[in-house]
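Chain by chain, the residues:
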Amino acid sequence: MKNKTTETNNSLKQLSRENFFGYEFVDYWDGDTTALGLQKGNIIIYISTYHYSKSNHYDIIIEELGTGKILKSGEKISYNELIHDLQSFF
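The following refers to the structure shown. Here the residue numbering is sequential within each chain, running from 1 through the sequence in written order. Since the coordinates come from a predicted model, pLDDT governs what is reported: local features require at least 70, and pairs of side-chain atoms require 80 or more to be given and counted, while whole-chain, interface and lining totals use all residues. Side-chain calculation: all heavy atoms of the structure are included, whereas hydrogens and water are not.

1. A few points about the packing of aromatic side chains
Part 1 of the argument: For Phe, Tyr and Trp, where Trp contributes only its six-membered ring, two rings pair if their centres lie within 6.5 Å, and the inter-plane angle classes them as stacked under 30 degrees, edge-to-face over 60, or tilted in between. All chains considered together, the criterion is met by five aromatic pairs.
Part 2 of the argument: Arranged with centres 5.9 Å apart and planes meeting at 80 degrees, the rings of Tyr28 and Trp29 form a pair that is edge-to-face.
Part 3 of the argument: Given a relative accessible area of 22%, Trp29 falls into the partly exposed group.
Part 4 of the argument: Relative to Tyr58, the ring of Tyr52 lies with its centre 4.9 Å away and its plane at 35 degrees, an arrangement referred to as tilted.
Part 5 of the argument: The classification of residues rests on relative accessible area computed with a 1.4 Å probe and restricted to protein chains. Under 20% of the type maximum is buried, over 50% is exposed, and intermediate values are partly exposed. With a relative accessible area of 22%, Tyr52 lands in the partly exposed category.
Part 6 of the argument: Residue classification places Tyr58 among the buried residues on the basis of a relative accessible area of 1%.
Part 7 of the argument: Of the aromatic side chains, those joined through ring pairs into one cluster are Tyr28, Trp29 and Tyr46.

2. Thoughts on the pattern of salt bridges
Part 1 of the argument: Any Lys or Arg side-chain nitrogen found within 4 Å of a carboxyl oxygen on Asp or Glu counts as a salt bridge. Taken as a whole, this structure holds two salt bridges when the rule is applied.
Part 2 of the argument: The partner of Asp27 in a salt bridge is Lys4, with the nearest N and O atoms 3.1 Å apart. Remark: Lys4 occurs in the segment before helix 1 (6-16) and Asp27 occurs in the loop between strand 1 (24-26) and strand 2 (35-40); sequence separation between them is 23 residues.
Part 3 of the argument: Between Lys72 and Asp85 there is a salt bridge, with the nearest N and O atoms lying 2.9 Å from each other. Separated by 13 residues along the polypeptide, Lys72 in strand 5 (residues 70-77) and Asp85 in helix 3 (residues 79-89) bring together distant segments of the chain.
Part 4 of the argument: Lys72 sits in the partly exposed class, given a relative accessible area of 33%. Here a strand is any run of E in DSSP of at least two residues, a helix any run of H or I of at least four, and the numbering for each starts at the N terminus.

In structure tokens, the structure reads:
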């Protein structure tokens, strides 16, 4: 993705190798160089790599796109926890 940090683009590449179907990578956060998103239907997952270079952890917010209702959020989660959370929505 353009205008994203190295950590964000590396995470994007890693996630693209996972076995998820029916989702698309989205970028609703042009000004946030550490953000990437996944969307399937009306579910959107915001993934932040802001602290990744220091902690190897992510922050996420999973929400309904139309309503903004937060379905799940997490801070300082590992890659394996991230994948687990994604699998529960994809």
